[in-house]
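# Observations on the three-dimensional arrangement
The residues making up each chain are set out below.
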Amino acid sequence: MSEQAAFDERAYERKPALRRWLFVHKWSSLVCSLFLLLICITGLPLVLRDEIDGLLDDALPYAQVAAGAPNVSLDRVVEASRKLYPGETVISVFVDDDEPKIMVYMASSWEAFKANRRSLHSIRFDAHTGDVLKQTKPFGEDGLTFLQLMLTLHRDLFAGLAGELFLGAMALLFIAAIVSGIAIYGQFMRKLDFGTVRASRSRRLKWLDLHNLLGVVTLGWALVVGATGVINELSTPLFALWQQTDVRAMLAPLQGKPVPQTSELFSPQAAYDAVRTAFPDMITTSVVYPGAPFGSPFHYVVWTKGKEPLTSRLFSPVLVDARSGVLASAITMPWYLRALELSRPLHFGDYGGMPLKIIWVLLDLVTIFVLGSGLYIWFARSRATKTQQRSAAVLPLPSPGAAE
Amino acid sequence: MTIHRSIGLIWRWPALLAALSIFGLLSALLGQTGVWLPLSWVALAAPLAVAAICIGRSRG
């Protein structure tokens, strides 16, 4: 670094407010940057997960049917699933509105599922013929797929809820780094034009300018993806909160009544139809069996979503009595779960077609550069400071040319 | 003598790009049809384009 640049930097660090922001920026970034790098790198393939999934999918193809062909009954796919895995518990049935598939999720028991959410396995049916197209083993039992590995590293580092909260905290530090970065940028750029990259003076100065430029142009996107990342990491406690408050209050009158046994369960197709008839403006997406951790021991929870671009992101559960198939009540989701639902697309970038995904990947790559260059600047700086201290011992007087 | 730039001048471009980013994020989410999707792509690509131009200039 040139002496002038070193002096400028020290002069601008003399203001106490700025020094505090620099302190926040330095330490929030240093603590989170390695984890954020991991999150950004594993996030790259996750942006394209549908495409990668499609490429790697070894399921049988869907049957060719006439347009408007009806779906098979959910009762039939559930029965077929129970025959494939006798003694196991059906957790939920998902009806895709995009592809002609019905997914049945099973686990060895509710206890096993509650103890380990990953003990779930799935059977994919052709929605028109009811043929089995693919079966998966419980998570990790067959070795992790590439995307499962990326998602786990991205979300919880194989540490479950603790990992989710930890990475959520790292995302909070990332936001602190952006906010403090904004405060520093304003001071730093008082003597420079926007977009200046001083390429000819020193490598560190060039990287500093690139760090500032790329950081500041992407800050809107990075703040949104960071904040929605924090909210996504809170999904487990948020759903637990909802279960402990709203859902518990609604189920209070049923407290202590006998829980329906598998043999007593009413037809899931009937529950699905009851909701579809009662809410014709909604798309019915899945039926969760009674006993689910975020649900009711007495009811099917039938999930619905809207048909408009925005409302298709908002899911609303409807309770259907599991013994009688009678529609019990529609549940209004609390604001914090609505916020969580809206956070998903804004974090995943999967809502605007392939061009948006490509832009997402590029912005992610820029963020990786900002993180990496930040580390480099800090590293080069501490080396430069050491060198200066050594030369200062030899030449105690500052060079007069460095004065402003 | 160095001229100190005003806050308005310093933040003109970054604020415009941040506003465009937010607009792009929302227009694809709320619109999803017609012109809203391409608008979102253009708005979100703007920060990348501006950065590329600045870097290009520093080399040329």
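Residues numbered from 1 in each chain as written. Chains lettered and ligands numbered in written order. Predicted model: local features only at pLDDT ≥ 70, side-chain atom pairs only at ≥ 80, totals over all residues.

## Comments concerning the overall build of chain A
How we decide: In DSSP terms, a helix is any run of H or I states spanning at least four residues, a strand is any run of E spanning at least two, and both are numbered starting from the N terminus. When we talk radius of gyration, it's over C-alpha atoms, and the globule rule is simply 2.2 Å times the number of residues to the 0.38. Remark: C-beta atoms are placed from the backbone, and a residue is labelled buried if 20 or more other C-beta atoms sit within 10 Å of its own, exposed if 12 or fewer do, or partly exposed between those counts. A pair of residues counts as a contact when their C-beta atoms, built from backbone coordinates, are separated by no more than 7 Å.
Counting its secondary structure elements, chain A contains 13 helices and eight strands. Relative to a compact globule of 404 residues, whose C-alpha radius of gyration would be 22 Å, chain A shows 27 Å and is clearly more extended. If one aligns the C-alpha atoms of chain A with their principal axes, the spans along those axes are about 90 × 50 × 40 Å. Counting across all 404 residues of chain A, residues that qualify as buried make up 28%. Contacts spanning at least 24 positions in sequence make up 62% of the contacts within chain A whose residues lie at least 6 apart.

## Looking at the environment of A:F113
Residue and element names in this part refer to chain A. Counting through the fold element by element, F113 comes out in helix α5 (residues 110-115). C-beta crowding within 10 Å serves as the criterion here: with 21 such atoms nearby, F113 is assigned to the buried category. Sequence separation between F113 and T196 is 83 residues, and the spatial gap between their C-alpha atoms is 56 Å. Look past the residues within four positions of F113 in its chain and what remains in contact with it is I91, A107, S119 and L120.

## Thoughts on helix α9 (residues 219-233) of chain A
Two residues of an α-helix separated by three or four positions point the same way, owing to the 3.6 residues in each turn. Basically, it comes down to this: Here the expected span of a helix is defined as 1.5 Å times the quantity of residues minus one.
Its 15 residues place the ends of α9(A) 21 Å apart at the C-alpha level, agreeing with the 21 Å of an ideal helix rising 1.5 Å per residue. Of all 15 residues that make up α9(A), 11 are buried, and the element is covered over most of its length.

## Details of the pairing of strand β5 (residues 283-288) of chain A
Selection rule: By this definition, two strands are paired if DSSP reports at least two bridges between them.
Across three bridges, strand β1 (residues 89-95) of chain A lies against β5(A) in antiparallel orientation. Bridging across to β5(A), A:F94 finds its partner in A:S286.

## Considering the interface of chain A and chain B
Quick reminder of the rule: Gly is placed with the polar residues, together with every amino acid not listed as nonpolar (Ala, Val, Leu, Ile, Met, Phe, Trp, Tyr, Cys and Pro) or charged (Asp, Glu, Lys and Arg).
In this assembly, 28 residues from chain A lie in contact with 31 residues from chain B. Mapped by element, the contributors of at least two residues to the side of chain A that touches chain B are α8 (203-217), α9, α12 (335-348) and α13 (353-394) of chain A. Sorting elements by how many residues they give to the side of chain A that touches chain B places α13(A) first, with five residues. For the side of chain A that touches chain B, the per-class residue count stands at 20 nonpolar, six polar and two charged.

## Re helix α7 (residues 160-188) of chain A
Here α7(A) is 29 residues long and its end C-alpha atoms lie 41 Å apart, about the 42 Å a rise of 1.5 Å per residue gives. Regarding α7(A), the residues found buried are A:L167, A:M170, A:A171, A:L173, A:F174, A:A177, A:I178, A:S180, A:G181 and A:F188.

## Details of the packing of helix α10 (residues 235-251) of chain A against α12(A)
Residue and element names in this part refer to chain A. To keep it simple, the criterion reads: Note on geometry: axes are C-alpha line fits, over the in-contact stretch for helices, and angles between N-to-C directions span 0 to 180 degrees. With respect to orientation, any angle under 35 degrees is reported as roughly parallel, any angle over 145 as roughly antiparallel, any angle of 65 to 115 as roughly perpendicular, and every other angle as oblique. It is the rotation of the near helix from the far one that decides the hand of a crossing: anticlockwise by less than a right angle makes it left-handed, clockwise makes it right-handed.
Where α10 meets α12, the axes come as close as 10 Å, and the angle between the chain directions of the two elements is 150°. Classified by the angle their axes make, α10 and α12 are roughly antiparallel. Considering how the two elements wind past one another, α10 and α12 form a crossing that is left-handed. Note on element contacts: α12 touches α10 through Y336, L337 and L340, opposite S235, L238 and W242.

## Examining the sheet that holds strand β8 (residues 327-330) of chain A
Residue and element names in this part refer to chain A. The strand order across the open sheet built from eight strands is β4-β3-β2-β1-β5-β6-β7-β8, with neighbouring strands paired in antiparallel fashion. Every interior strand has two partners, whereas the edge strands, β4 (132-135) and β8, have only one. Adjacent strand axes in the sheet meet at a mean angle of 20° when their direction is disregarded. In this structure, β5 lies alongside strand β6 (residues 299-305), joined through five bridges in antiparallel fashion. Among the inter-strand pairings, V288 is bridged to a residue of β6, identified as V301.

## Here we look at the pairing of strand β3 (residues 121-126) of chain A
Residue and element names in this part refer to chain A. Counting buried residues along β3, five of its six residues qualify, which places the element largely inside the surrounding structure. Pairing analysis gives six bridges linking strand β2 (residues 101-107) to β3, with the strands arranged antiparallel. When the bridges of β3 are listed, K101 appears paired with D126. Taken together, the three bridges between β3 and β4 define a ladder with antiparallel strand orientation. The residue bridging F125 from the neighbouring strand is V132, located in β4.

## Examining the confidence of the model for chain A
As a reminder of what qualifies: Every residue gets a pLDDT, meaning the predictor's confidence in that residue, from 0 to 100.
This prediction gives chain A a mean pLDDT of 90; 93% of its residues lie at or above 70. Confidence, expressed as mean pLDDT per element, reaches its minimum in chain A at helix α1 (residues 3-12) of chain A with 56 and its maximum at α9(A) with 98.

## Notes on the nonpolar core
Note the following rule: Residues of type Ala, Val, Leu, Ile, Met, Phe, Trp, Tyr and Cys that are buried and joined through C-beta atoms within 7 Å form what is called a nonpolar core.
Ranked by size, the top nonpolar core spans 43 residues in total, and within it A:F174 and A:L213 carry the most contacts. Breaking this core down by element, the ones donating at least two residues are α2 (16-47), α7, α8, α9 and α13 of chain A together with α1 (7-30) and α2 (36-59) of chain B. Core analysis: the next-biggest nonpolar cluster, separate from the first, contains 32 residues, A:V77, A:I102, A:Y105 and A:V275 among them.

## Quick look at the packing of α8(A) against α2(B)
Contact geometry for α8(A) and α2(B): axes closest at 9 Å, N-to-C directions at 160°. Classified by the interaxial angle, the pair formed by α8(A) and α2(B) is roughly antiparallel. The two elements α8(A) and α2(B) cross, and the hand of that crossing is right-handed. Here α8(A) contributes A:L213, A:L214 and A:V217 to the contact with α2(B), which in turn contributes B:P47, B:V50, B:A51 and B:C54. Considering only residue class, the contact of α8(A) with α2(B) consists of seven nonpolar, no polar and no charged.

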